[in-house]
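# Residue-level structure breakdown
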Amino acid sequence: MEEPRYLQADLAFRSGGHTVRLRLAPTVLEVEVEAHGTVDQWRGEFDAAFIEELTHKTGNFKQFGVFCSMLESALMQLLTYADLETLRSRKVGAMPRPPPSTASPLNAKRYLILVYSVEFDRIHYPLPLPYAGRPDPAALHRLVRELREELARLRTRRRDDGRDAEIRHLQDGMKDELAREKARHQREQRQLATELAEVKASERRLQQRVKSLMAELASCKRGHRTPVGTATRPQERRSASRESHGGGQGRPPPRSPSPAGSRPPRFDPTAFVRARQQRQEK
């Protein structure tokens, strides 16, 4: 439910300085006027139906909420009943009515006039304010208490607004810090991804190098493997040569068993790779 709004203003009317207080509720308008010199008060309460009927009679209808907004920012006049009758007679061009007697209740009533100016006309919305007498101490205490409560609510709202602003500032700072931290993590992830790609590329090169060395090793093994009985030993070649020069044609040279120590050494792959690496280093 919407809370009522309060408005207070000090205005100088024809009869002197006055304080005007408005209480604007969703469906009720309360107006109170207090004279500075005599402390006399006039008070009126108007519901939405009364206000809208009043504006309808003037020929310029206004909704209750629009009328209240106009009243907050309007030029206000506090008139007596005689002033109101004079204003009416001027508008219709008739003779003013005789003023009421001093003891008449109409003379004690005041009217708060909202003047609405359009291009070719001025519309007056009179709000009747019956005389409420002078405030008693209890009413004054109640008014002071209400004003203090309203002031406390305003101060609390201001503090809450300050806390909200501080919270928003902290939230913005946290967002900025999170954004910087996120950017830093993204840079680290990109750097790690680059390093990982380099490690994988180096691993692939090493694997290719190992495959190349294994193929070269296998080729070397195949090149040093000799079938039995097909190779002629150096001693046998020299013996055959001597026999041929000696005139022994047509007779094969006698075979002699080769000693066991004359066989070639077995191929050592490890020694071969180590020697090859030593040659490359030189």
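Residues numbered from 1 in each chain as written. Predicted model: local features only at pLDDT ≥ 70, side-chain atom pairs only at ≥ 80, totals over all residues. Heavy atoms only, no water.

## Re the packing of aromatic side chains
Under the counting rule described, the total for this entry stands at three aromatic pairs. A centroid spacing of 5.4 Å and a plane angle of 25° characterise the contact between Phe 46 and Phe 50, whose relative ring orientation is stacked. You can call Phe 46 buried: its relative accessible area is 4%. On the accessibility criterion, Phe 50 (36% relative accessible area) is partly exposed. (Phe/Tyr/Trp six-rings, centres within 6.5 Å; stacked < 30°, edge-to-face > 60°. Buried < 20%, exposed > 50% of the residue type's maximum accessible area, 1.4 Å probe, protein only.)

## Thoughts on the side chain of Thr 19
Secondary-structure assignment places Thr 19 in strand 2 (residues 16-24). Side-chain polar atoms of Thr 19 contact the side chain of His 36, separated by 2.8 Å. Excluding anything up to four places from it in sequence, Thr 19 contacts Gln 8, Ala 9, Asp 10, Glu 32, Val 33, Glu 34 and His 36. (Helix = DSSP H or I, 4+ residues; strand = E, 2+ residues; numbered from the N terminus. Polar contact = N/O pair within 3.5 Å; in protein donor to acceptor, adjacent residues only side chain to side chain. Contact = heavy atoms within 4.5 Å.)

## Describing the pairing of strand 6 (residues 110-117)
In terms of residue burial, strand 6 counts as a mostly covered element, since six of its eight residues are buried. Hairpin geometry of strand 6 and strand 7 (residues 122-129) is characterised by an intervening segment of four residues between the two adjacent antiparallel strands. (Pairing = 2+ DSSP bridges.)

## Topic: the pairing of strand 1 (residues 5-13)
Pairing geometry for strand 1 and strand 2, over nine bridges, is antiparallel. Considered in strand 2, the bridge of Leu 11 is made with His 18. Where strand 1 folds back onto strand 2 in an antiparallel hairpin, the turn is made up of two residues.

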